[in-house]
Amino acid sequence: MLHILKVQFTPFFLYGMYSKAVGEVDTLVAYEIEVDKTTYYPFDFGREKMELILGPLDYYNNHLRLNGQDPVEHFVLTKRPHWNESELFNQIGEKVFTKSEELQRFPLWYKTILERSLSKKINHLIVYEVKYTYTNYGLKTISKNRLIDL
Amino acid sequence: MKQLNYMVVQHYSLLNKLFFGFVICIWLIRLYNDLLLHQLNQPVLPYEGRDPFYWMMVGLQIPQFIVGSKFLSLAVDFLMLTSALGSLFFQRIKLFNILFVLSYFIYFFVSNTFLGHHFHSVGVLFVSLMFLFKKDSKRFIQAFELIRYYFFFMLCSAFLWKLVRGNLWDLDHFSNILKIQHVHFLQANPSHWKADMIVHLINNESLSFLLWISLMVLQGIFFIGFFTKKYDGLLLLSYLFFIVGSWLFMSILNLDNLSWFLVLLPFGFLVLSKNKAIKKRQFNSLIQVS
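Residues numbered from 1 in each chain as written. Chains lettered and ligands numbered in written order. Predicted model: local features only at pLDDT ≥ 70, side-chain atom pairs only at ≥ 80, totals over all residues.

*Asks:* What is the right way to look at helix α13 (residues 232–250) of chain B in this model?
*Replies:* Given 3.6 residues per helical turn, the α-helix brings residues three or four places apart onto the same face. Residue and element names in this part refer to chain B. Here α13 is 19 residues long and its end C-alpha atoms lie 25 Å apart, about the 27 Å a rise of 1.5 Å per residue gives. Within α13, the full set of buried residues consists of D232, L235, S238, Y239 and F249. When α13 is viewed along its axis, its buried side chains cluster within an angular range of 135° and face the same direction. Backbone geometry just after α13 places S251 at a positive phi near 55°. (Helix = DSSP H or I, 4+ residues; strand = E, 2+ residues; numbered from the N terminus. Expected span 1.5 Å × (residues − 1). Buried ≥ 20, exposed ≤ 12 C-beta atoms within 10 Å, placed from the backbone. Arc of directions from axis to C-beta.)

*Asks:* When you look at the interface of chain A and chain B in this model, what are you seeing that I'm missing?
*Replies:* How large an interface is tends to be reported as the accessible area lost when its parts come together. With 53 residues of chain A in contact, the opposing surface of chain B contributes 53 residues. When contributions to the side of chain A that touches chain B are tallied by element, the ones reaching two or more residues are β1 (28–35), α2 (47–65), α4 (87–96), α5 (100–118), β3 (125–135) and β4 (138–149) of chain A. For the side of chain A that touches chain B, the leading source of residues is α2(A), giving 11 residues. Looking at the side of chain A that touches chain B, its residues break down into 29 nonpolar, 13 polar and 11 charged. (Contact = placed C-beta atoms within 7 Å. Nonpolar A, V, L, I, M, F, W, Y, C, P; charged D, E, K, R; others polar.)

*Asks:* Explanation requested: the sheet that holds β3(A) in the structure shown.
*Replies:* Strand pairing in a sheet is mediated by backbone hydrogen bonds. Such pairs are either parallel or antiparallel. Residues and elements named next belong to chain A. Read from one edge to the other, the open sheet built from 4 strands follows the order β2-β1-β3-β4, with strand pairing classed as antiparallel. The two strands at the open ends of the sheet, each matched to only one other strand, are β2 (38–40) and β4. Each adjacent strand pair in this sheet contributes to an overall mean axis angle of 30°, direction not counted. In this structure, β3 lies alongside β4, joined through 10 bridges in antiparallel fashion. Paired with Y128 across the bridge in β4 is R146. (Pairing = 2+ DSSP bridges. Axes fitted to C-alpha atoms, helices over the stretch in contact; angles between N-to-C directions.)

That is the geometry; function is a separate question.
Here it is as structure tokens:
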């Protein structure tokens, strides 16, 4: 039933498993983490730990791309613009969607996670969003944008 | 079918040991990788996604409340381990199983809330449900069957989604997925042998398309499971190929989902070989009589 309605309700999911059409991929986004002038890539932390290093950072970056708006709120309002005037939706949104203070606290939390993962105190942390394009022999950097500087 | 169910019940203890032994290993791996709730250091950015369940939980501040308290998050992690140990060593005390299902479910949705992505790996969660019932109860077999069917439904539904979404006609589909999937790997290890393999697959769209079709077939094969248990050995092999393929070509190795192997142990095969042995014995005794 949930499949027909295309709704997921934990623990019952839609098991599309990468079936959704992707289309031509022009730009690929990845991250570079500079800790006291040493560069790390998320994959350097290992497959399991990468969940913790990459997932929250990517989610944080999705907010920044939308000038702080919650990506899910953005998605819902793109599909149903008239919900913006709905009092019920706004009330739910206040409880559910990301608040600006949560976004502000993220860089500091991320630093503590990295300190724990690297088992050392970090004096200077810079996180870059790196955009790549794919060439026939691998990745080619297009741009590098500073996300966190602490 | 009755004989087969008898076989499953006979192996209850083995299933229990395999499952909870494996769960304890997962717990230790998560501990090593700082992925337990008390190690998340009171995260600040909850991800509600497009799932009403998470909207409810985040709205009620439940995950925030759990990780916000060092004591509470440690208690959930500790309960998960001790209840798994209890279930492993005291199979008759079902309280341990109940506590495990509860604590694991809390762990599952709270960690998913703060990892910025909702993982769909429900293997441990679903397989653990069958151990809520006693070995000699009818409900154990019913739960085993239900979980088995849900697992088949999962894979068959993935196969059908691929068909409906026209993956069969999209030659670049897997090549494009590989680009997105491996960007972090290629960034960190550009000269690794696996990077060469990935780049080769991305550039060779026909080969990657063939691989994608093979992956689809491996999922589609699970339709057999709805009708018979005779080929569970074959399904187990298909799932093994599926897991190895996902790891090799997609860098996906979801530990939780390895527990689905438990519902595929070839009990059907065991019954068949037992039947064969019985028939052989009867045949031999007939020869001796004549």
